Amino acid sequence: MSIRHGLLALLERGPRYGSQLRTEFESRTGSTWPLNVGQVYTTLNRLERDGMVAQSGEDEAGHALYAITDDGREELRNWFEKPVDRTSPARDELAIKLAMAVGAPGVDIRAVIQSQRRHTVKAMQDYTRLKAQALSALESGGSRERDDVAWLLVLEQLIFRTEAEARWLDHCEARLIRLSTATATSDASTASGSTTVTGRGPGPVTGSAPGPATPATGDARPPGSAPGPAGTSSQDARPAPLR
């Protein structure tokens, strides 16, 4: 998230002071990424150092005002025109957690996945409820349209992201089930091979172990899961696709 460019975008509408910028930023994003006044003023100081904002006197209450400069407008225009760089994606705590849970002693990774799925679906439902409220406010005309449209776009991004996360968690669980089945089948095949039996006569006697061993071909899914097509989960809590 670029606080720097967000503040420049707000300053393009006219001079603002720190607390005012914080309030407008949170209003525009629905407090999804809350700021404190310290962050705002630290960012303003850096923008001023870089020549992108300049102090512009005080308002009637004595608040120091900041205004965007020509260099700041150029920086803002470039930010709007360039796509967001994905070559160095931000660290994702959930992806790191599951990566570290693989093979960790005493960790039931399927339980971790199922717990996260419940939380993700709950968040998706909350975002959907907030979206309905935002749409209602816009349709009734009793809202600050600019801020509510901006908040609606943020909400819809959060909904799509949580829906994708829920689908990814389903995929992770299905992947683990398939790998578990493949490992069990491989182990059973190894156990069914020839063995060497040492007799009392001269030299070892080589032959097959008593009785033909049957490779494991049954369902080796962990307890609590039901058969299903690849890519689905027996405990899929995903709601119907959002529209």
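Conventions adopted
- Residues numbered from 1 in each chain as written.
- Predicted model: local features only at pLDDT ≥ 70, side-chain atom pairs only at ≥ 80, totals over all residues.
- Heavy atoms only, no water.
- Buried < 20%, exposed > 50% of the residue type's maximum accessible area, 1.4 Å probe, protein only.
- Helix = DSSP H or I, 4+ residues; strand = E, 2+ residues; numbered from the N terminus.
- Arc of directions from axis to C-beta.
- Polar contact = N/O pair within 3.5 Å; in protein donor to acceptor, adjacent residues only side chain to side chain.
- Contact = heavy atoms within 4.5 Å.
- Salt bridge = Lys/Arg side-chain N within 4 Å of Asp/Glu carboxyl O.
- Core = buried A, V, L, I, M, F, W, Y, C linked by side-chain atoms within 4.5 Å.
- Phe/Tyr/Trp six-rings, centres within 6.5 Å; stacked < 30°, edge-to-face > 60°.
- pLDDT = per-residue confidence, 0-100.
- Pairing = 2+ DSSP bridges.

Three or four residues apart is the spacing at which side chains of an α-helix point the same way, because the helix has 3.6 residues per turn. Every buried residue belonging to helix H5 (residues 93-101) is among Leu94, Leu98 and Ala101, and all of these are buried. When H5 is viewed along its axis, its buried side chains cluster within an angular range of 60° and face the same direction. Away from its buried face, by an angle of more than 90 degrees, H5 presents the exposed residues Glu93 and Met100. Capping the start of H5, aspartate 92 holds a side-chain oxygen 3.0 Å from the backbone nitrogen of leucine 94, two or three residues further along.

Okay, the side chain of threonine 120 next. Inspection of the secondary structure assignment puts threonine 120 in helix H6 (residues 109-140). Take threonine 120: its relative accessible area is 1%, and that puts it in the buried class. Polar side-chain contacts of threonine 120 include one of 2.6 Å to the side chain of glutamate 165. Every residue in contact with threonine 120, bar those within four places of it in the chain, is listed here: Thr162, Glu165, Ala166 and Leu169.

Glancing now at the pattern of salt bridges. Pairing is possible between side chains of opposite charge, provided their charged atoms come close. Following the criterion strictly, the structure yields 13 salt bridges and no others. Here aspartate 50 makes a salt bridge to arginine 4, at a shortest N to O gap of 3.3 Å. In this pair, aspartate 50 is assigned in the loop between helix H3 (37-49) and strand E1 (53-58) and arginine 4 in helix H1 (residues 3-11), connecting sequence segments 46 residues apart. What makes aspartate 50 partly exposed here is its relative accessible area of 32%.

It is worth spelling out the nonpolar core at this point. In summary, soluble globular proteins display a tendency toward joint burial of nonpolar side chains. Core analysis: the largest hydrophobic core is formed by 16 residues, its most contacted members being Leu7, Leu8, Leu11, Leu21, Val40, Leu44 and Val53. Contributing elements (two or more residues each) for this core: H1, helix H2 (18-29), H3 and strand E2 (64-68). It is H1 that provides the largest number of residues to this core, a total of five residues. Counting residues in each nonpolar core, the second largest holds seven residues, with Leu98, Ile109, Leu169 and Cys172 among its members.

This part covers the packing of aromatic side chains. Applying the stated criterion across every chain yields a total of two aromatic pairs. An angle of 40° between the planes, with centres 5.2 Å apart, marks the rings of tryptophan 79 and phenylalanine 80 as tilted. Exposure remark for tryptophan 79: the relative accessible area of 34% places this residue in the partly exposed category. With a relative accessible area of 54%, phenylalanine 80 lands in the exposed category.

Assignment of secondary structure puts arginine 110 in helix H6. Judged by relative accessible area, arginine 110 falls into the buried class, the value being 10%. At 2.8 Å, the side chain of arginine 110 and the side chain of glutamate 173 are in polar contact.

Segments scoring low in pLDDT should not have their predicted coordinates read at a detailed level. Averaged over all residues, the pLDDT of the protein chain is 80; the fraction at 70 or higher stands at 76%. Within the protein chain, no element has a lower average pLDDT than strand E4 (residues 205-207), which sits at 40, and none a higher one than E2, at 96. Across residues 194-243, where pLDDT falls below 50, the model places 58 contacts with residues more than four positions away in sequence or in other chains.

Note on strand geometry: in a regular strand, side chains alternate between the two faces of the sheet. Counting buried residues along E2, four of its five residues qualify, which places the element largely inside the surrounding structure. Here four bridges tie E1 to E2, and the two strands are oriented antiparallel to one another. Of the residues in E2, the one forming a bridge with glutamine 55 is tyrosine 66. Two successive antiparallel strands, E1 and E2, enclose a turn made up of five residues, where glycine 62 displays a positive phi of approximately 90°.

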